[in-house]
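For reference, the chains in residue letters:
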Amino acid sequence: MRKFFLKLKSKIVNFSFKDYCKKNVLFLSFVLASVINGLLLRGLTVKNFFDVRPIIADAGIVILIGAFGFLVKPKKRFLYYLVWSILFSVICIINSMYYTNYLSYSSISLFATSFLIVDVGDAIVENVMEIKDFCYLWQILFIVLVHIKLKRANYYDNFSRTVKGFRNAVFLGISFFVVFACTLSSTDIGRIFKQWNREYIVMRYGIYTYQFSDLFASLTPTINSMFGYDKNAKMFREYYEDNSYVASNNEYSNIFEGKNVLVIHAESVQNFVMDTSINGVSLTPNLNKLASDGIYFNNFYAEESVGTSSDSEFTFATSLLPATSGTVAINYWDRDYTTIQKLFKEKGYYVFSMHGNNCSFWNRNLLHQSFGYDKFYCYTDAYNIDETIGLGLSDKSFFKQSISYLKDIDKNHDNWYGTMIMLTNHTPFSYIGDYSDLDVTYKYDEVLDSGEVVTKSYDYLEGTVLGNYFKSVHYADEAIGQLIKDLDREHLLDNTVVVIYGDHDAKIKKSEYEYYYNYDFKTGHVLDSDDPDYHVVTDYEYEVNRKVPFIIWTKDKSFKLKVSKVGGMIDAMPTLGNMFGVYNKYALGHDLFSVKDNVVVFPDGNWITDEMYYNNQREEALLLDSDYLISVDYISKRNLIADERISISNSIIVYDLIKSVNDQMNLIKNGG
Ligand code: GP9
Ligand code: MN
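Residues numbered from 1 in each chain as written. Chains lettered and ligands numbered in written order. Predicted model: local features only at pLDDT ≥ 70, side-chain atom pairs only at ≥ 80, totals over all residues. Heavy atoms only, no water.

K.L.:
With reference to specific residues and values, describe the overall build of the protein.
P.N.:
Helix and strand content of the protein: 25 helices and 22 strands. For 672 residues, the compact-globule formula gives about 26 Å, and the C-alpha radius of gyration of the protein, at 28 Å, lands near that figure. Taking all 672 residues of the protein together, 55% fall into the buried category. Summarising the internal contacts of the protein: among those between residues at least 6 apart in sequence, 76% fall at separations of at least 24. As displayed, the protein offers around 30,200 Å² of accessible surface, 57% of which is attributable to carbon and sulfur atoms. Computed over 65 positive and 79 negative side-chain charges, the separation of the two mean positions in the protein equals 14 Å. (Helix = DSSP H or I, 4+ residues; strand = E, 2+ residues; numbered from the N terminus. Rg over C-alpha atoms; globule rule 2.2 N^0.38 Å. Buried < 20%, exposed > 50% of the residue type's maximum accessible area, 1.4 Å probe, protein only. Contact = heavy atoms within 4.5 Å. Areas by Shrake-Rupley, 256 points an atom, 1.4 Å probe, with all protein chains shown as cover. Lys, Arg positive; Asp, Glu negative; His and termini not counted. Charge placed at Lys NZ, Arg CZ, Asp CG, Glu CD.)

K.L.:
Outline the packing of helix α20 (residues 465–489) against helix α21 (residues 510–517), supporting the account with residue identities and numerical values.
P.N.:
Orientation of α20 relative to α21, taken along the N-to-C sense of each, is 85°, at an axis distance of 9 Å. Accordingly, the angle class assigned to the pair α20 and α21 is roughly perpendicular. Taking contact as the criterion, the partners of Val-465, Leu-466 and Phe-470 in α20 are, on α21, Glu-512, Tyr-513 and Tyr-516. Looking at the contact of α20 with α21, its residues break down into five nonpolar, no polar and one charged. (Axes fitted to C-alpha atoms, helices over the stretch in contact; angles between N-to-C directions. Parallel < 35°, antiparallel > 145°, perpendicular 65-115°, else oblique. Nonpolar A, V, L, I, M, F, W, Y, C, P; charged D, E, K, R; others polar.)

K.L.:
How would you summarise the packing of aromatic side chains if you had to cite specific residues and measurements?
P.N.:
For the structure on display, the rule yields 61 aromatic pairs. Relative to Phe-580, the ring of Phe-344 lies with its centre 5.2 Å away and its plane at 70°, an arrangement referred to as edge-to-face. Of this pair, Phe-344 sits in helix α16 (residues 340–346) while Phe-580 is found in helix α23 (residues 572–580), placing the two residues 236 residues apart along the sequence. Each of the two residues, Phe-344 as well as Phe-580, counts as buried. One cation-aromatic arrangement involves Lys-375 over Tyr-377; the distance from NZ or CZ to the ring centre is 4.9 Å. Just above the ring of Tyr-634 sits the side chain of Arg-638; from NZ or CZ to the centre is 3.7 Å. (Phe/Tyr/Trp six-rings, centres within 6.5 Å; stacked < 30°, edge-to-face > 60°. Lys NZ or Arg CZ within 6 Å of the ring centre and 35° of its normal.)

K.L.:
Tell me what's going on with the coordination of the manganese ion (ligand 2), and back it up with residues and numbers.
P.N.:
Listed as protein donors to the manganese ion (ligand 2) are Glu-267 (OE), Glu-267 (OE), Ser-309 (OG), Asp-503 (OD) and His-504 (NE2); their distances from the metal cover 2.0 to 2.5 Å. Coordination geometry of the manganese ion (ligand 2): the six donor atoms subtend angles of 54 to 166° at the metal centre, consistent with an arrangement described as irregular. (Donors = N, O, S within 2.8 Å, 3.2 Å for Na, K, Ca; no water. Tetrahedral: all angles 85-135°; square planar, octahedral: opposite > 155°, others 65-115°.)

Given below as structure tokens:
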């Protein structure tokens with residue numbers, strides 16, 4: 001041991017940094033470029049430039065990977081570093097784009113869903129890619145240039161494959177990691193294992209460590225379900241021993257028993273559009289009418305993760321949160337979930353779904369079977385694709401053609417529960433063109449010197465993503481209005497409860513809102529960003545604005561009410577279920593008519609209550625009720641709820657825990 005330290009000491013004393021750099025130009029160039037790109041990515045996304053901890057972690061992992069280059073023949077070494085440089089640049093590019101859209105980092109598990117990107121390709125090009133996403137490519141160019149220079153100087157002829165070089169680099173890499181490990185808190189360690197707080201992990205561990213830990217986590221859906229079952233099953237049993245969902249009892253219990261249900265999954269409809277008029281024209285007159293004649297939850301969030309539409313369907317159906325890695329629709333569709341569809345089916349309802357896009361999008365042909373739907377009416381199997389807007393059949397045609405199916409269903413079944421999944425109002429919204437009659441230019445009268453009055457116009461929202469979204473949402477609203485009329489004409493509303501939810505926000509960038517809020521109608525220009533009246537849209541304002549409408553309506557207008565208490569998609573099933581006398585003992589949400597102090601948990605661990613929005617990633621809070629005195633205890637209690645809700649949901653999803661309980665029950669029933 002003593003000998004080792006003496007040797008180490010003499011090595012350190014005799015170490016010449018200049019010599020080391022000279023001998024390892026390619027290796028060090030690779031390390032430096034990769035670390036700079038990691039820093040650049042954090043700087044351009046989470047604006048985390050100055051924290052040295054992720055730099056140390058990035059350096060550690062890159063050095064370790066670079067170390068293996070010493071085991072490659074010098075002439076092939078360049079290729080080794082080139083491949084890794086390409087891989088690292090691609091990682092940075094993908095994460096940069098992903099962050100712009102989701103304010104989070106990408107996961108390898110999403111590659112399973114990447115075939116869906118082909119269908120939404122235009123949306124990616126129009127809304128997702130930006131020039132800045134490609135700045136990371138410099139690393140590749142840099143490595144090539146360094147190589148050319150070294151080759152010209154016959155650099156490679158002077159070296160051979162060297163185990164010593166490998167050993168030294170590994171030692172260096174490990175040293176970086178040891179230093180880094182000393183800076184970790186228990187929260188940091190917990191979060192890298194749980195993986196859902198991706199922004200935090202990248203800020204703390206750097207992009208490369210995140211991406212490797214994510215690779216491991218993403219490969220684990222299969223590995224996971226093989227290991228860790230006992231621990232998760234125990235957690236599940238203990239949780240439900242004390243917290244099994246108990247049916248609520250309030251003035252809304254069973255009010256709709258025996259009625260049919262028509263759920264409208266309203267693509268990308270955000271709540272704020274219901275309070276928006278452009279040039280005095282309401283964007284959503286039909287939704288507004290339904291909301292004011294029914295029960296309208298106006299402080300409601302979708303709680304979706306990377307599975308967007310499919311996650312909302314899942315959370316609505318099960319009252320569980322989406323998977324923390326991958327998506328239920330693609331990776332875990334074949335589990336045994338307790339769903340609202342199955343519960344209605346048990347009551348004798350015919351249960352079906354309808355959609356105008358490919359039946360296999362989001363794996364719906366399988367997912368919907370797993371939810372318990374009797375039939376999925378989709379795309380060319382059920383519809384004549386006579387009018388395409390964006391991804392598939394236009395909503396107006398979809399609704400029109402669905403009426404005859406609904407009439408048949410109503411004729412042949414005493415009771416039915418159906419979901420209609422809308423499509424047209426899907427990002428990038430630019431296909432809406434003439435299908436919407438909403439004018440988003442701004443017209444004004446100008447008095448000329450001669451006294452003549454002429455009408456002039458500014459482009460205003462014309463040609464912007466938000467402007468297209470407004471047109472598109474206006475179209476979706478018209479489609480809903482037309483559907484309600486047609487249903488009424490066919491007497492399909494007489495015994496039906498119509499439920500409408502926005503499936504998630506429209507994923508429109510903050511800069512679009514800033515343009516909209518800061519538009520100066522006097523000049524037709526946007527205010528300067530240093531103007532005292534300039535409205536900066538903060539991350540918090542943006543997050544809180546992601547609300548979607550949730551409406552429960554009947555034709556007889558028997559319940560007219562606006563609920564402003566905070567709620568989420570996870571609460572939809574318990575709230576609606578109670579009105580029909582169905583309940584799900586595994587529900588993690590609450591009946592919004594019974595719950596006090598509700599907490600809406602997002603899949604990344606952030607949460608919102610009536611009092612505050614809490615960003616768990618940054619450990620920052622936005623107070624929503626300034627009269628409320630918030631304590632540390634208030635936050636930590638809700639952090640625990642968030643952690644528990646995410647963990648229990650994920651355990652059920654990954655380990656198919658409801659199935660194992662059902663299997664045991666069947667065994668007991670059958671006397672096994
Ligand atoms: C596609 C539709 C859109 O069929 O449901 O899915 P999204 O891109 O919103 O998840
Ligand atoms: Mn959607």
